[in-house]
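Here are the chains, one letter per residue:
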Amino acid sequence: MNTPQPTRRLRAGLAIKGAQAARQHITRTAVLARQLDQIAPGVVEVLITPVTVDDAPRTHVRLLDALGLPLADREAHGAALRLLRHVFTPADWTVPQRYDVRTGDMTPAALGMDTAAGARR
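Residues numbered from 1 in each chain as written. Predicted model: local features only at pLDDT ≥ 70, side-chain atom pairs only at ≥ 80, totals over all residues. Heavy atoms only, no water.

> Can you lay out the packing of helix α1 (residues 11-39) against helix α2 (residues 74-87) for me, pointing to particular residues and giving the numbers?
Running from N to C, α1 and α2 cross one another at 165 degrees; their axes reach a closest spacing of 10 Å. In terms of orientation, α1 lies roughly antiparallel with respect to α2. Judged by the twist between their axes, the crossing of α1 over α2 is right-handed. On α2, the residues touching R28, L32, Q35, L36 and I39 of α1 are A76, A79, A80, L83 and V87. (Axes fitted to C-alpha atoms, helices over the stretch in contact; angles between N-to-C directions. Helix = DSSP H or I, 4+ residues; strand = E, 2+ residues; numbered from the N terminus. Parallel < 35°, antiparallel > 145°, perpendicular 65-115°, else oblique. Left-handed = near helix turned anticlockwise from the far one by under 90°. Contact = heavy atoms within 4.5 Å.)

Encoded structure:
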């Protein structure tokens, strides 16, 4: 006897959507890398940490090069923060965030960690 079985979902549609999402990620990563390089040449990583100073919320931004050394001036830090907040609007800005310019990934940063390679304090 034939018993009704659910048919397999067509995977071609999912593959097409996945490829489109990958192309968008690659394009966004390249555009952000170019814009961040214009703001602070040589930037590889952006660390964003919310802090409280005199009961007022502030945001501390560090732009790091490939060696983990800080880059640029105060204006560049503010410009990088505005750019990333505009692109990653749904990110949780109440926790430290780490943006890797090479991969285009924004991830929550571990406290006390300057880079993904480890602590540099």
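Next comes the rest of the write-up.
> Let's hear about the pairing of strand β4 (residues 105-108): which residues, and what values?
The sheet contact formed by strand β3 (residues 97-100) and β4 spans four bridges and is antiparallel. By the bridge assignment for β4, Y99 is matched with M106. In this antiparallel pair of consecutive strands, β3 and β4, the connection spans four residues, and G104 shows a positive phi of 80 degrees. (Pairing = 2+ DSSP bridges.)

> Lay out α1 with the relevant residues and their values.
In this model, α1 (29 residues) spans 42 Å end to end at C-alpha, consistent with the 42 Å of a helix rising 1.5 Å per residue. For α1, the full list of buried residues reads T29, L32 and L36. (Expected span 1.5 Å × (residues − 1). Buried < 20%, exposed > 50% of the residue type's maximum accessible area, 1.4 Å probe, protein only.)

> Describe in detail unusual backbone geometry, supporting the description with residues and values.
Although it is not a glycine, D54 adopts a positive phi angle of roughly 50 degrees. Along the chain, D54 turns up in the loop between β1 (45-53) and β2 (56-64). With relative accessibility at 75%, the residue D54 sits in the exposed group. In this structure, D55 takes a positive phi of about 60 degrees despite not being glycine.

> Explain the nonpolar core residue by residue, including any values.
Residues L36, V43, V46, L63, L84, F88 and Y99 are the most contacted members of the largest nonpolar core, which totals 19 residues. Of all the secondary-structure elements, those providing two or more residues to this core are α1, β1, β2 and α2. Examining the composition of this core, we find that five residues originate from one element, α2, more than from any other. V43 has contacts with L36, D37, L63, L64, L71 and V101, leaving out every residue within four places of it along the chain. (Core = buried A, V, L, I, M, F, W, Y, C linked by side-chain atoms within 4.5 Å.)

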